[in-house]
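# Report on the structure
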Amino acid sequence: MGFTRKDFLGSMIAATMLSLTGAAHGQQAEPVLIGATVPMTGPLSLTGKQYQNSLTMAEEDINKAGGINGRPIKIVFEDTQASNGTAVNAFVKLAQETKPSFFFLSSYSTQNLAVAPELKKVQVPAMYAGGADAVADGGNEWMFRIRPADSVSAEGMVKAAVDVIKAKKPGILYIQNDFGQGGAQTAAKRLEAAGIPVVGMEAYGQNDKDFSAQLLSLRSKGADTILIFNYPQDGALVLRQAKVLGFKMPLVTSSAALVPAALQLLSPADLEGVWGVTDAFMDASVGGRMKDYVERFKAKFGIDPDPYGLAYYDGAFLMAEGMRKVGTDAKALREWLAAVNGWQGIGHVYSYDAKGNGVRDLAVVKAKAGTKTLELVQPVTLN
Amino acid sequence: MADFIQLLVNGLAIGSVYALAAIGFVIVYSATGVVNFAAGQFVMFGTFAGVVTLINAQLPWSVAYGAALAIMALFGALFFITVYLPLRRGSIVTIIIGTVAVGIIMQNAALLSFGSWPFRLPSPLEDRVVNLGGAIISTHALGVVGVTTLMVAGLWVLFNRTSVGIGMRAVAQDLQAAKLMGLKVNRLLALSWVLAAVLAGVAGLMLGPMWFADVNMGDPIALKAFAATIIGGFGSLPGAIVGGLFVGLSEVLGASYVSSAYKDLISFGIMILFLLVRPQGVFGEKIQDRG
C-alpha cells in the first residue's frame, strides 16, 4: 500500500495536534516551584532533617490530593548549614535560579534575621519556624511564622514554673543567641510581673558542652527551679549533667529538649523532675489527622516526628490552600495568608496578626514516671 | 566548698581531654614540623570508633576499647602514608591547607556514615557518682583524670626509657642527624602519627559519654587544644598537659566565678596574651619556623 500525499498531510496534522496536546498537557503539569532553605548538615541539622522530611511528605500528600488545581508542587531544598552566610547564599540561589512562588525558611531565628532583607527584595511570601520575637518585630510583611513565638513559649514555661511547680526562686539558663536571650528576658520579665523575680540568669555558647559551672552557680544562688532555653543536643546535655551533678530541683525546658532527637540521648532517669513546653503535644492516641501524620511519618522515615516538622507540614497545607484559592501571584497569596483566621492545622490553629505571628497555643508536658513517654500536663493558649 | 570541688573535678576532666588532644598536637609538631589542623577530627574519629565497637558491634568493654584504639592506630598509619608523605615536601601553606582539607573530609565522611544525630556513648563506669563532703562527683570524670594521668606517665616512660621513644625525640630534635645516626626515620615519623591518633582515640572514648558522640564535636576540641599548646608552649609535652588542664579549669571556674557569658573569652584572651607577651608559652620551647 502506497503512502499518498493525503496520508502524509493527515499524519502531519495528527503529529502537530499530538505535539500541541502534549505541550498543553505538559504546561498543565508544570509544577509550582517552592523553595526551602533548611539546615541539612551541621549541628542544626538535628531538627533541620525533621522538617526536610515533613516537607517532603507534605509535597507527596499535596500532589496525591491533586496538587494546586491540577498542578503538582515541587519543593527545591538548599542547605543553610549552621551559618547565617550560608543561609543567605542558599536563599539567594533559590531566588535567582529556581524563582519559586513560595519559600519555607529555616527554623533558626538568626538565619531568619539574616535572610529577611533578601526576602523583602524578592517579595515572595515565606513561612518560617524561628521563634525570636525580633524576626516578627522586623516588620517584614512577607514572613509568616508557623510556630509559637519565643515570647509565647517563654510565657508557657513561666506558667509551668508558677502554676504547676509553684516556684518561688526560679533561675534561668539560656543559649546565647537571639532565641535564648529573647526567651530568657521575656521569662524574667513575666516572672517579675508575677512577683517572683529570678535569682540568677546564666548563659552558654552554642558549641559549649559543659554546663556544670552555670548549673552550680544557679544552685548556689538558691534557685528552686531552673528554666532552660535550649536547642536539642545542648538541652539533652544540660538535663544529663544536671542529673550527674545531683540536682533534685525541678527543671523546665523549652521545646527543643523534648523532641525525639533529644529524647533518644536521654534515659528515663534523666527526665525525672523535668517539665517542658512543647509546641504541640503529638499524641497519636488522639486519632484523626494527628494519628495519621505520626504513624505515616514514622513508617516513612524510621524516626518519630517532632513538632517543628509538623509545623512545616501544616504550613505546606496552608500554603496549598491559599494557592488553590488565589493562585500563585505573590501579592495575592500574601494578602490571603495575612487574613487567615482560625485555620485548623494538625498541630495548631493558625490566625495571623499584623506581625505575621500565627500560633499562640502550646502544651506543658512531663515524662511518665520511669519512661520517656511524654504526657500532657496542661494545654496553654495565650492571647 | 562542695560546689568548688565539683567544679574542680569537672574542669580537670575536661582539661585532661584537652591535654591529650594537645599532646597529640605536640608529638606530631615536634616530630614532623606539621601543625595538624585535623586534630579535632582525630578526637571525633576516636569517639566514633567507640560508637562502632561499643554500640554497633556490641563488643564487651575491654575488647571494644582495644578494637577502637586499634582502628585509630591504623588510621594514624594511613594518615601518615596518604596525607603526610605526599605533602611533606610542599610549602608550609600547602601542608596547613592539606590538614584543614583532610579534617573537613573526615567530618563529612563521618556525617555520611553516621548521620547528623548524636549517639549516647556509654561509660564503663555508667552514671555512678560519689559524694565527697557534699560534692557529687561523677566517677566517669574521676576515671578520665585517672586515665590521663596513666597516659602521661606511659608517655614519660616511652620518651625517656625506651629506645623507640628516645629515637622519636632524636628525630624531633634533628631529623638529618637522626638519619645519619642510622635511625629508621620514616618508621619513627609514622609512629608519631600513630601515637597522636591513639591519644586522640583515648580522648574521644573518654569524651563520648560526657558530650555525646557528634560529628561536629571536633572543631571546639581543636580550638581548645590549640589554645592549650600556645599557653603551655608549642612543642612541649609538659606544656601541653599544663595548658590543657589550665584551659579546662579556666573554662569551668571562669564560667562560675567570673561570667558564663565570657568563659571562652577568658581562655582565648589568655592565649592571645601569651602570644603577645610570651609566645613561647609557659615552658619556653622556642617556636620553630616550620608548620
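As a starting point, this report considers the structure included with it. Just so we're clear, the structure is a prediction, and the values are computed from it rather than from any experiment.

On to the pattern of salt bridges. Residues and elements named next belong to chain A. Taken as a whole and judged by the stated rule, the model has 20 salt bridges over all chains. The partner of E78 in a salt bridge is K93, and the shortest N-O contact between them spans 3.1 Å. Here E78, found in strand β2 (residues 73–79), pairs with K93, found in helix α3 (residues 84–98); they are 15 residues apart in sequence, far enough to count as distant. Among the residues examined, E78 registers a relative accessible area of 18% and is labelled buried. Taking the shortest distance from any N to any O, the salt bridge between R334 and E335 comes out at 3.4 Å.

Residues and elements named next belong to chain B. Across the interface, helix α3 (residues 61–87) lies against helix α8 (residues 185–211) with an axial gap of 8 Å and an inter-helix angle of 140°. Accordingly, the angle class assigned to the pair α3 and α8 is oblique. Considering how the two elements wind past one another, α3 and α8 form a crossing that is right-handed. Residues Y65, A68, L69, M72, A73, F75, G76, A77, F79, F80 and Y84 of α3 form the contact with α8, whose own contacting residues are N186, L189, A190, W193, V194, A197, V198, G201, V202 and L205.

The side chains of a regular strand alternate, first on one face of the sheet and then on the other. Residue and element names in this part refer to chain A. The buried count for β2 comes to six of seven residues, which makes it a mostly enclosed element. Pairing of strand β1 (residues 32–38) with β2 involves seven bridges; the strand directions are parallel. Bridge pairing in β2 places A36 opposite F77.

Residues and elements named next belong to chain B. Its 23 residues give helix α4 (residues 92–114) an end-to-end C-alpha distance of 33 Å, which sits within 8% of 33 Å, the value for a rise of 1.5 Å per residue. Looking at α4, one finds that the buried residues are I95, G98, T99, V102, G103, M106, Q107, A110 and L111. Downstream of α4 by one or two residues, G115 has phi in the positive range, about 80°.

On to the pairing of strand β8 (residues 225–229) of chain A, then. Residues and elements named next belong to chain A. In terms of burial, β8 is largely enclosed, as five of its five residues are buried. Taking every second residue as pointing to the same face, both faces of β8 are buried, with T225, L227 and F229 on one and I226 and I228 on the other. Where strand β6 (residues 170–175) lies against β8, five bridges are found, and the strand directions are parallel. Paired with L173 across the strands is I228, a residue of β8. Two elements, β8 and strand β9 (residues 251–253), share three bridges in a ladder whose sense is parallel. Residue I226 lies in a different strand from β9, and its bridge partner there is L251.

Here the structure, examined in full by the defined rule, presents 31 aromatic pairs over all chains. Their ring planes at 25° and their centres at 5.6 Å tell us that F80(B) and Y84(B) sit as a pair that is stacked. Taken together, the residues span about one helical turn, with F80(B) and Y84(B) both in helix α3 at a distance of four residues. Here F80(B) and Y84(B) have matching classes, each one buried. Taking 6.3 Å as the distance between ring centres and 90° as the angle between the ring planes, the aromatic pair formed by F114(B) and F119(B) counts as edge-to-face. Given a relative accessible area of 23%, F114(B) falls into the partly exposed group. Take F119(B): its relative accessible area is 22%, and that puts it in the partly exposed class. Over the face of the ring belonging to W275(A) we find K366(A), whose NZ or CZ atom lies 4.5 Å from the ring centre.

With that out of the way, let us pick up the side chain of E202(A). Topologically, E202(A) is positioned in strand β7 (residues 200–204). Discounting residues that sit within four places of it in the chain, E202(A) has contacts with I172(A), L173(A), Y174(A), Q214(A), S217(A), L218(A), K221(A), A255(B) and S260(B).

Before going further, it helps to spend a moment on empty space enclosed by the protein. Evaluated as defined, the whole model comprises three cavities of 30 Å³ or more. Reported here for the largest cavity is a volume of approximately 150 Å³. Taken together, 16 residues line the largest cavity, and the ones lying closest to its centre are S107(A), Y108(A), R147(A), Y231(A) and Y308(A). Taken together, the residues of the lining of the largest cavity break down into seven nonpolar, seven polar and two charged. Taken as a whole, the second largest cavity encloses approximately 70 Å³ of empty space. Taken together, L20(B), A21(B), G24(B), F25(B), V28(B), N36(B), A39(B), F42(B), V43(B), A196(B) and A200(B) form the lining of the second largest cavity. Elements supplying a minimum of two residues to the lining of the second largest cavity: α1 (2–32), α2 (39–56) and α8 of chain B.

How each quantity is defined
Residues numbered from 1 in each chain as written. Chains lettered and ligands numbered in written order. Predicted model: local features only at pLDDT ≥ 70, side-chain atom pairs only at ≥ 80, totals over all residues. Heavy atoms only, no water. Salt bridge = Lys/Arg side-chain N within 4 Å of Asp/Glu carboxyl O. Helix = DSSP H or I, 4+ residues; strand = E, 2+ residues; numbered from the N terminus. Buried < 20%, exposed > 50% of the residue type's maximum accessible area, 1.4 Å probe, protein only. Axes fitted to C-alpha atoms, helices over the stretch in contact; angles between N-to-C directions. Parallel < 35°, antiparallel > 145°, perpendicular 65-115°, else oblique. Left-handed = near helix turned anticlockwise from the far one by under 90°. Contact = heavy atoms within 4.5 Å. Pairing = 2+ DSSP bridges. Expected span 1.5 Å × (residues − 1). Phe/Tyr/Trp six-rings, centres within 6.5 Å; stacked < 30°, edge-to-face > 60°. Lys NZ or Arg CZ within 6 Å of the ring centre and 35° of its normal. 1 Å grid on protein atoms, 1.4 Å probe; cavity = no way out; pocket = protein on both sides within 12 Å on 5 of 7 lines; lining within 4 Å. Points joined across faces, edges and corners; volume = space filled by probe spheres on them. Nonpolar A, V, L, I, M, F, W, Y, C, P; charged D, E, K, R; others polar.

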